[in-house]
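# Fold and contact review
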Amino acid sequence: MILVTGASGTVGCPVLEEVAKTGKPVKAMYRSAEDARNAPAGVVTVIADFAEKASLAKALQGIDTIYLVCSPIPQLVELENNVIEACKKARVAYVVLNSALGAGDYPKSFPSWHRQVEDKLKASGLPYAILRPNSFMQNIAAYMAPSIRAQSAFYSAMGDAKLSLIDVRDIAVTVAKALTNPATFAGKTIELNGPEAFSYAEIAGKISRVAGRTVQYVNIPEAAQRQGMLDLGMPEWQVNALLELQQYYTVAGKGAEVTPPIKDFLGRAPITLDQYVDENKDIFHSQAAGA
């Protein structure tokens, strides 16, 4: 039995769908009964919370394999460590951990949190596979699309640094393969990058093509980006973490890797950025046009 945690999340949801396609027995973990109502038909659900050890013990009954993913929050290390400890007690046979780009060499921000969990998992004695995905294509919808609709522009202090964005659907396919093929993936730490690297200016050009108007990337000072995020109500810890991660992309240039080729894990061509913007062109329509 495979347990997919974070089953309502950006990655967990498509992972659950991919695992269900394999026909392997799978159980989905949600934090609330309301979230669990959205589970795919036929999937067994369980309600549990990483912070509640008793609920974890119950969720892990009869589980052989687990996909472990947590939202990027300050409590990530504590919460995922709780799951690892619970897995040891429940004699779970195999853990697939969703880590992050930079966990191997960046001692700041989200990557440093994930590295602490990776080290905990490796020291636990549990068989494991660790996947480190790059930034998601879906972040375009979350972070860029609102200002693109309102102002035909998006703003950041990324300069001309490039990112090899990856579609979460490709991450999900790879995770499902790792979950269902432990003999191939166990003991490995795998970097997951998109098929091509683009600067924000190049991304703006691709969005312009599907938006039917010119969309601009505006490079701004980091201080201005910080203030803009704070003005939007983002907590200071999150602003600090995001800017530190951005420094990893811009100063170290680490977000542009495209190796190993994601197609090696997928067994097919990966989803490209052009495909993503074509599929989601409606999210870039101007507010004026939609009025």
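The structure this text deals with has already been given above.
Residues numbered from 1 in each chain as written. Predicted model: local features only at pLDDT ≥ 70, side-chain atom pairs only at ≥ 80, totals over all residues. Heavy atoms only, no water.

### Examining the overall build of the protein chain
- If you tally the helices and strands in the protein chain, you get 14 helices and 11 strands.
- Taking 19 Å as the expected radius of gyration for a compact globule of 291 residues, we find that the protein chain reaches 19 Å, a close match to that expectation.
- Taking the principal axes of its C-alpha atoms as reference, the protein chain extends roughly 55 × 40 × 35 Å.
- Scored against the burial criterion, the 291 residues of the protein chain give a buried share of 50%.
- A separation threshold of at least 6 residues defines the contact pool for the protein chain, and within that pool the share at least 24 residues apart is 74%.
- For the protein chain, the centre of its 28 positive side-chain charges and the centre of its 29 negative side-chain charges are spaced 5 Å apart. (Helix = DSSP H or I, 4+ residues; strand = E, 2+ residues; numbered from the N terminus. Rg over C-alpha atoms; globule rule 2.2 N^0.38 Å. Buried < 20%, exposed > 50% of the residue type's maximum accessible area, 1.4 Å probe, protein only. Contact = heavy atoms within 4.5 Å. Lys, Arg positive; Asp, Glu negative; His and termini not counted. Charge placed at Lys NZ, Arg CZ, Asp CG, Glu CD.)

### Some remarks on the pairing of strand S9 (residues 189–192)
- Covered by surrounding structure in S9 are Ile-190 and Leu-192 only, the residues Thr-189 and Glu-191 on the alternate face being uncovered.
- As defined by bridge partners, strand S6 (residues 128–133) adjoins S9 across four bridges and the pair is classed as parallel. From the neighbouring strand, Leu-131 faces S9, where its bridge partner is Ile-190. (Pairing = 2+ DSSP bridges.)

### Focus on the sheet that holds strand S5 (residues 94–98)
- The sheet built from seven strands is open, its strands ordered S3-S2-S1-S4-S5-S6-S9 with parallel pairing. Because the sheet does not close on itself, it has two edges, and the strands there are strand S3 (44–47) and S9. Averaged over all pairs of adjacent strands, the angle between their axes in this sheet comes to 20°, without regard to strand direction.
- The sheet strands contacting helix H5 (residues 109–124) are S5, S6 and S9, and the helix crosses S6 at an angle near 165°. (Axes fitted to C-alpha atoms, helices over the stretch in contact; angles between N-to-C directions.)

### Describing the side chain of Asp-167
- Mapped onto the secondary structure, Asp-167 falls in the loop between strand S8 (162–163) and helix H7 (168–180).
- Side chain to side chain, Asp-167 and Gln-138 meet in a polar contact 3.2 Å long.
- Setting aside residues no more than four positions away along its own chain, Asp-167 makes contact with Met-137, Gln-138, Ile-271 and Tyr-276. (Polar contact = N/O pair within 3.5 Å; in protein donor to acceptor, adjacent residues only side chain to side chain.)

### Quick notes on the nonpolar core
- Grouped together as the largest cluster of nonpolar side chains are 58 residues, with contacts concentrated most on Ile-140 and Phe-284.
- Top element by residues in this core is helix H4 (residues 76–90). It accounts for seven residues.
- The contacts of Ile-140, once residues within four sequence positions are left out, are Ala-145, Leu-165, Ile-203, Ile-207, Leu-273, Tyr-276 and Phe-284.
- Judged by nonpolar contacts, the second largest core, of 35 residues, contains Leu-16, Ala-28, Val-175 and Phe-265. (Core = buried A, V, L, I, M, F, W, Y, C linked by side-chain atoms within 4.5 Å.)

### Some thoughts on the pattern of salt bridges
- Per the stated rule, a full pass over the model turns up 14 salt bridges.
- As a salt-bridge pair, Asp-119 and Arg-115 come within 3.1 Å of each other at their nearest N and O atoms. Remark: Arg-115 and Asp-119 occur in helix H5; sequence separation between them is four residues, near one turn of the helix.
- On the basis of relative accessible area, Arg-115 is assigned to the partly exposed category, the value being 30%.
- Here Asp-170 ties to Arg-268 by a salt bridge, and the two come within 2.8 Å at their closest N and O atoms. Highlighted residues: Asp-170 in helix H7 and Arg-268 in the loop between helix H12 (263–266) and helix H13 (273–279), separated in sequence by 98 residues.
- A relative accessible area of 1% means that Asp-170 is categorised as buried. (Salt bridge = Lys/Arg side-chain N within 4 Å of Asp/Glu carboxyl O.)

### Considering empty space enclosed by the protein
- Taken as a whole and assessed by the stated rule, the structure comprises one cavity of 30 Å³ or more.
- A class-by-class count of the residues in the lining of the largest cavity yields five nonpolar, one polar and one charged. (1 Å grid on protein atoms, 1.4 Å probe; cavity = no way out; pocket = protein on both sides within 12 Å on 5 of 7 lines; lining within 4 Å. Points joined across faces, edges and corners; volume = space filled by probe spheres on them. Nonpolar A, V, L, I, M, F, W, Y, C, P; charged D, E, K, R; others polar.)

### Quick notes on the environment of Ala-41
- With respect to the helices and strands, Ala-41 occurs in the loop between helix H2 (33–36) and S3.
- By relative accessible area, Ala-41 is classed as exposed at 81%.
- Sequence separation between Ala-41 and Leu-131 is 90 residues, and the spatial gap between their C-alpha atoms is 27 Å.

### Regarding the packing of aromatic side chains
- Under the definition given, this model contains seven aromatic pairs.
- For the pair Phe-154 and Tyr-217, a centre-to-centre distance of 5.5 Å together with 35° between the ring planes defines the contact as tilted. Of this pair, Phe-154 sits in strand S7 (residues 153–156) while Tyr-217 sits in strand S11 (residues 216–219); the two residues are 63 residues apart in sequence, bridging distant segments of the chain.
- Ring geometry for Tyr-200 against Tyr-217: centres 5.3 Å apart, planes inclined by 85°, an arrangement best described as edge-to-face. Taken together, the residues Tyr-200 in helix H9 (residues 200–211) and Tyr-217 in strand S11 connect sequence positions 17 residues apart.
- By way of ring pairs, the aromatic residues Tyr-106, Tyr-248 and Tyr-249 are connected into one cluster. (Phe/Tyr/Trp six-rings, centres within 6.5 Å; stacked < 30°, edge-to-face > 60°.)

### A short note on helix H11 (residues 236–250)
- Over its 15 residues, H11 extends 21 Å from the first C-alpha to the last, a length consistent with the 21 Å expected when each residue adds 1.5 Å.
- Residues of H11 that are buried include every one of Val-239, Ala-241, Leu-243, Leu-245, Gln-246, Tyr-248 and Tyr-249, and no others.
- Buried residues belonging to H11 abut H5, S7, S8 and helix H10 (222–231). (Expected span 1.5 Å × (residues − 1).)

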